[in-house]
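Structural description and commentary
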Amino acid sequence: MTEAETETVYDIAIVGGGPAGLSAALNLIRARRSVLLIDSNRPRNSATLMSHGFLTRDGISPLELRKLGRDEFLAYEGAEHRMTMVQSITRGDDGFVLECELRRKTSRAVAKVVLVATGLQETLPDIEGLRAFYGTAFHSCIECDGYDKRDQALAVIGEEPDLAERALLLSQWSADLRVCTNGADSLTLLDEQALDARGFTVDRRVIAEIQGGREGVTGIRFEDGDVVAIEGGFVRPAWASELGYLAPLDPAFDTDGLLVADGHGRTSVDMLYVAGESTAPGPQQLIVAAGAGARTAATINRDLVGGLHELADAVQ
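Residues numbered from 1 in each chain as written. Predicted model: local features only at pLDDT ≥ 70, side-chain atom pairs only at ≥ 80, totals over all residues. Heavy atoms only, no water.

A separate point is the packing of aromatic side chains. One pass over the structure, following the stated rule, counts 0 aromatic pairs. A cation over a ring is seen here: R150 above Y147, with NZ or CZ 4.0 Å from the ring centre. Lying across the ring of F222, R205 places its NZ or CZ 4.0 Å from the centre. (Phe/Tyr/Trp six-rings, centres within 6.5 Å; stacked < 30°, edge-to-face > 60°. Lys NZ or Arg CZ within 6 Å of the ring centre and 35° of its normal.)

Right under this line is the structure:
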């Protein structure tokens, strides 16, 4: 950059191109803000073939939904999209400085406001065959995919304390449930009693393999050699935030590693906002994340405009 050149300072940089980030981007560009959308195109739900519950888009591929959102956003003047990953965000003279890198290509951007919408990273239980059927026969979002597994023989697999809660929720769609802890201590005695009262089978054995082929899932093989027939199921992944790039700003996090924010997406750092799964309660339906993005976008726009008190102070 020469002395005569000046670096573009965007009104808002949005980190993350999922439903929350795209919804915020669309609303902010329509508010006549200059918006930079930064996205590595590595969504958590990339293995899912169809997403459900999104009004007018029920059954659409999540990747297609993202593409449509990007195209709508980029149709507006002042919209910019970069496929890269943010490595760090620091304070600069003109706002936030975002250092980015993807496949050894580096770049930087400056923005007055940053909206975090990077979502979560998920790790499945270490069970042979599970990854192969994830997104087709096995899913993680019961609200999204429970209907399509209605009245089937299902397994609910989880090593986290909320396993019983998820199994009880799934009872709305199927009465033939096997609740599997995979050897973990994820069910209390009260949990087991509640599940037993619904007629569900609780299985604490370690799972050796999810069996099946082109026809789909056929069963679960346990370490003791026993095989139980199933048609599909739901799994509770372990979720972790990918927010290390915010370390220089030192925002407040909760005990789950998610950003602490008020009801409008404002974090503990001035002009740093969050929407979607990067804040509590964490994983959520696509349409819920999109709504959070729109809500936070409205807050950002109002904060940039300023209230009557701020305008009066500026005049004085």
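Further remarks concern the sheet that holds strand β8 (residues 138–139). With respect to topology, 5 strands assemble into an open sheet ordered β8-β15-β9-β10-β11, the strand pairing being parallel. Only two strands of the sheet have a single partner each, and these edge strands are β8 and β11 (201–203). One ladder, built from 3 bridges, connects strand β10 (residues 177–180) with β11; its direction is parallel. Among the inter-strand pairings, C180 is bridged to a residue of β11, identified as D203. Sitting on the sheet, helix α5 (residues 163–170) touches β9 (154–158), β10 and β15 (232–236), and the angle it makes with β9 is about 160 degrees. (Pairing = 2+ DSSP bridges. Helix = DSSP H or I, 4+ residues; strand = E, 2+ residues; numbered from the N terminus. Contact = heavy atoms within 4.5 Å. Axes fitted to C-alpha atoms, helices over the stretch in contact; angles between N-to-C directions.)

This part takes up the packing of helix α1 (residues 19–30) against helix α2 (residues 62–74). Closest axis-to-axis distance for the α1/α2 pair is 9 Å, and the angle between their directions is 15 degrees. The angle between α1 and α2 places the two elements in the roughly parallel class. As for the relative orientation of α1 and α2, their crossing is left-handed in sense. For the pair formed by α1 and α2, the contact residues are L22, A25, L26 and I29 on the first element and R66, G69, R70, E72 and F73 on the second. Of the residues belonging to the contact of α1 with α2, the class tally is 5 nonpolar, 1 polar and 3 charged. (Parallel < 35°, antiparallel > 145°, perpendicular 65-115°, else oblique. Left-handed = near helix turned anticlockwise from the far one by under 90°. Nonpolar A, V, L, I, M, F, W, Y, C, P; charged D, E, K, R; others polar.)

This part takes up the state of the cysteines. Tallied over the full model, the rule gives 1 disulfide. C141 provides the cysteine sulfur closest to C180, a residue in no disulfide bond, and the two sulfurs are 20 Å apart. (Disulfide = S-S within 2.5 Å.)

I14, I89, F96, L98, V114, V116 and L246 are the most contacted members of the largest nonpolar core, which has 43 residues in total. Looking at this core, the elements with two or more residues in it are β1 (9–15), α1, β2 (35–38), β4 (86–92), β5 (95–102), β6 (105–116), β17 (272–274) and α7 (286–305). With near-sequence residues (within four places) excluded, I14 lies in contact with G21, A24, A25, L28, V35, L36, L37, I38 and L115. Formed by 18 residues, the second largest nonpolar core is a distinct cluster that contains F133, I157, V228 and I230. (Core = buried A, V, L, I, M, F, W, Y, C linked by side-chain atoms within 4.5 Å. Buried < 20%, exposed > 50% of the residue type's maximum accessible area, 1.4 Å probe, protein only.)

Here we come to the sheet that holds strand β12 (residues 207–213). Judged by pairing direction, the sheet is antiparallel, and its 3 strands sit side by side in the order β12-β13-β14 without closing on themselves. The two strands at the open ends of the sheet, each matched to only one other strand, are β12 and β14 (227–229). Here the strands of the sheet are splayed against their neighbours by 25 degrees on average, with no regard to which way each runs.

What follows concerns the pairing of strand β13 (residues 216–222). When you tally the buried positions in β13, you get 5 out of 7 residues, the bulk of the element. Strand direction decides the pairing type here: β12 and β13, joined by 6 bridges, are antiparallel. Residue pairing in the sheet places Q211 in a bridge with G219 of β13. Here β12 folds back onto β13, and the loop between the two strands holds 2 residues. Two strands pair when backbone bridges link them, and β13 and β14 are joined in this way by 3 bridges, in the antiparallel orientation. Following the sheet pairing, R221 is matched in β14 by V227.

Here the second largest pocket is characterised by a volume of approximately 350 Å³. When residues of the lining of the second largest pocket are traced back to their parent elements, those giving at least two are α1, α2 and α7. Its residues assigned to classes, the lining of the second largest pocket comprises 9 nonpolar, 4 polar and 3 charged. (1 Å grid on protein atoms, 1.4 Å probe; cavity = no way out; pocket = protein on both sides within 12 Å on 5 of 7 lines; lining within 4 Å. Points joined across faces, edges and corners; volume = space filled by probe spheres on them.)

The grouping of L55, I287 and V288 at the surface amounts to a nonpolar patch, some 270 Å² of accessible area in total. Summarising the element assignment, I287 is placed in helix α7. (Patch = residues over 30% accessible without salt bridge, like charges linked within 9 Å, V, L, I, M, F, W, Y side chains within 5 Å. Areas by Shrake-Rupley, 256 points an atom, 1.4 Å probe, with all protein chains shown as cover. Salt bridge = Lys/Arg side-chain N within 4 Å of Asp/Glu carboxyl O.)

Okay, unusual backbone geometry next. If a residue is not glycine, its phi is most likely negative; likewise, a peptide bond is most likely trans. A280 connects to P281 through a cis peptide bond whose omega is 10 degrees. Residue position: P281 is located in the loop between β17 and α7. A positive phi angle is found at T56, which is not glycine, with a value near 75 degrees. Checked against the element boundaries, T56 lands in the loop between β2 and α2.

Further remarks concern the side chain of H139. Among the structural elements, H139 can be located in strand β8. Once residues within four sequence positions are removed from consideration, H139 is found in contact with Y134, D145, K149, G233, F234 and V235.

Over its 13 residues, α2 runs 18 Å from end to end, which matches the ideal 18 Å to within 8%, given 1.5 Å per residue. Taken residue by residue, α2 has P62, L65, R66, G69, R70 and F73 as its buried positions. Along α2, the residues classed as buried sweep out an arc of 135 degrees about the axis, all on the same side. In this structure, the buried residues of α2 make contact with α1, β2, β3 (79–82) and α7. With a side-chain oxygen positioned 3.2 Å from the backbone nitrogen of L63, the residue opening α2 is S61. (Expected span 1.5 Å × (residues − 1). Arc of directions from axis to C-beta. Polar contact = N/O pair within 3.5 Å; in protein donor to acceptor, adjacent residues only side chain to side chain.)

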